Amino acid sequence: MPYFDTASAAPLHPVARQALQASLDEGWADPARLYREGRRARLLLDAAREAAAEAVGCRPDELVFTPSGTHAVHSGMAGVLAGRRRVGGHLVVSAVEHSSVLHAAELHAAGGGRVEEVPVDRFGRVSASSYGELVGPATALACLQSANHEVGTVQPVAEVAEACAAAGVPLLVDAAQSLGWGPVPGGWSVLCASAHKWGGPAGVGLLAVRKGVRFAPQGPADERESGRSPGFVNLPAVVAAAASLRAVRAEADAEAARLRILVDRLRRRVARLVPDVEVVGHPDLRLPHLVTFSCLYVDGETLLHGLDRAGYSVSSGSSCTSSTLTPSHVLRAMGVLSEGNVRVSLPAGTTAAEVNSFLEVLPGLVAGVREQLGVVEPVMAADPEAESLELDTLGLRCPQPVIELGRAIGRVPVGGTVTVLSDDEVARLDIPAWCAMRGQTYVGEAPRPLGTAYTVRRAV
């Protein structure tokens, strides 16, 4: 069964498995103790730290191990914000950051801090000039992911770091998705990562803080890991994480070139084989193993279950695959279609035959889901019924409101309007995206006592 969700968690690398098994025998003692077993454990910990620091591009004494990537993000943000509280409480983040960054930003705002989000373009990319305009003398910290976890777009970290440095502001980089492919460029100040993203064991994160960055660890003082990550480290897992990072990086260039060819094939053929599909993310500045696309008139959860039954493990950033019934914040910020959203992220070793078989299965599954939803290609009426129509879709979840819009647009003349009344938050994203795909004009939205009215003007 092909596993195509390595952006969530990569399969355990063989080197990680070997290192984990070996260090279970050698690394069980307390590395802070001076007896033989403790010294042996300390040697393993120091070697792991040196290997990880080399891969990150920092000094070993700048890097600590944490219980997870999320813990590293939270500790890194809290430490810098506290260390620079005399500067001010201004925090700048991109609109497409991982939820761990956004949750920490919410906590900062709840405590009286000020948070500003940097917008992205339709590819999900920020501009360095946008960061340069927002950071200033009262900015304590700026955050930017190295590459997006949902659509794969690579961010201009070096340029943003330069803009932040010019303003005297440290930049925290969430490198969880990209660190296995290579070091993060530029003058970042704090870097966070997670081992299970590159094939290490779960439960190990990295937090690197450059010398000279004002950092005040939060919580009770602890003598371990420079006081930045309290508690006894999971030494076997740490050793396995560092060993696998070194092994993955040694293979990265060759594997990236091979997987990029397969992802390019996916991007081209999905757009050709599946009607009404939008491939999202930057076409060139992206991770080599990841592609995301959204299918119009498709329920995402139903599609993912169908792919699972067909033997393919993929994921989605679409609201249709969660219980929140709200659009992914990444897709919302990009302004792209969220219906039927599928993220395919290929693990090392994926074959062309596996990708080809996925492409053979996908069109039929999409067509089957659309058929279940009663989707019929709209036929433009010769004699429109009225200059304007209003559709009551209250209680219907996307993609149903968009399906009703597609059916109704032909019932008004060119220049006429269709207003969709919906109480599904997803409609705020998907109706404008439908207009962009269909060449229609999105007029705007207006609140109603029940739900929101979205108005579309027929252009073709």
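Before reading on, note that the structure itself is shown above.
Everything in this summary refers to the structure shown in the same document.

Parameters and conventions
- Residues numbered from 1 in each chain as written.
- Predicted model: local features only at pLDDT ≥ 70, side-chain atom pairs only at ≥ 80, totals over all residues.
- Heavy atoms only, no water.
- Helix = DSSP H or I, 4+ residues; strand = E, 2+ residues; numbered from the N terminus.
- Rg over C-alpha atoms; globule rule 2.2 N^0.38 Å.
- Buried < 20%, exposed > 50% of the residue type's maximum accessible area, 1.4 Å probe, protein only.
- Lys, Arg positive; Asp, Glu negative; His and termini not counted.
- Charge placed at Lys NZ, Arg CZ, Asp CG, Glu CD.
- Polar contact = N/O pair within 3.5 Å; in protein donor to acceptor, adjacent residues only side chain to side chain.
- Contact = heavy atoms within 4.5 Å.
- Pairing = 2+ DSSP bridges.
- Axes fitted to C-alpha atoms, helices over the stretch in contact; angles between N-to-C directions.
- Arc of directions from axis to C-beta.
- Parallel < 35°, antiparallel > 145°, perpendicular 65-115°, else oblique.
- Left-handed = near helix turned anticlockwise from the far one by under 90°.
- Nonpolar A, V, L, I, M, F, W, Y, C, P; charged D, E, K, R; others polar.

### Overview of the overall build of the protein
Check the secondary structure of the protein and you find 12 helices and 14 strands. Its C-alpha radius of gyration of 24 Å places the protein within 12% of the 23 Å reference for a compact globule of 460 residues. Along the longest, intermediate and shortest principal axes, the C-alpha atoms of the protein span 90 × 55 × 35 Å. Counting all 460 residues of the protein, 54% fall into the buried class. Considering the protein, the positive charge centre built from 42 side chains and the negative charge centre built from 49 side chains are found 6 Å apart.

### As for the side chain of Arg49
Position of Arg49 among the secondary structure elements: in helix H2 (residues 36-56). Exposure remark for Arg49: the relative accessible area of 12% places this residue in the buried category. Only 2.8 Å separates the side chain of Arg49 from the side chain of Glu225, close enough to count as a polar contact. The contact partners of Arg49, leaving out residues within four places of it in the chain, are Pro60, Leu63, Val64, Phe65 and Glu225.

### Quick look at the sheet that holds strand S8 (residues 277-280)
Spatial ordering of the open sheet is given by S8-S9-S10, a layout of three strands whose pairing is antiparallel. What marks the edges here is a single partner per strand, and that holds for S8 and strand S10 (341-345). Looking at each pair of strands side by side, their axes are set apart by 25 degrees on average, direction ignored.

### Description of helix H8 (residues 300-309)
Given 3.6 residues per helical turn, the α-helix brings residues three or four places apart onto the same face. Residues of H8 that are buried include every one of Gly300, Leu303, Leu304, Gly306 and Leu307, and no others. When H8 is viewed along its axis, its buried side chains cluster within an angular range of 155 degrees and face the same direction. For H8, the elements touching its buried residues are strand S9 (290-295), S10 and helix H10 (352-372). Immediately beyond the C-terminal end of H8, within one or two residues, lies Gly311, with a positive phi of roughly 100 degrees.

### A closer look at the packing of helix H7 (residues 235-273) against H10
Packed helix pairs are characterised by how far apart their axes lie and by the angle those axes make with each other. Put simply, H7 and H10 touch, their axes get as near as 11 Å, and they point 15 degrees apart. Here H7 lies roughly parallel to H10, going by the angle between them. Seen along the crossing, H7 lies across H10 with a hand that is right-handed. Here Leu262, Arg265, Leu266, Arg269, Val270 and Leu273 of H7 lie close against H10, whose contacting residues are Ala352, Val355, Asn356, Phe358, Leu359, Leu362 and Pro363. Looking at side-chain class alone, the contact of H7 with H10 contains 10 nonpolar, one polar and two charged residues.

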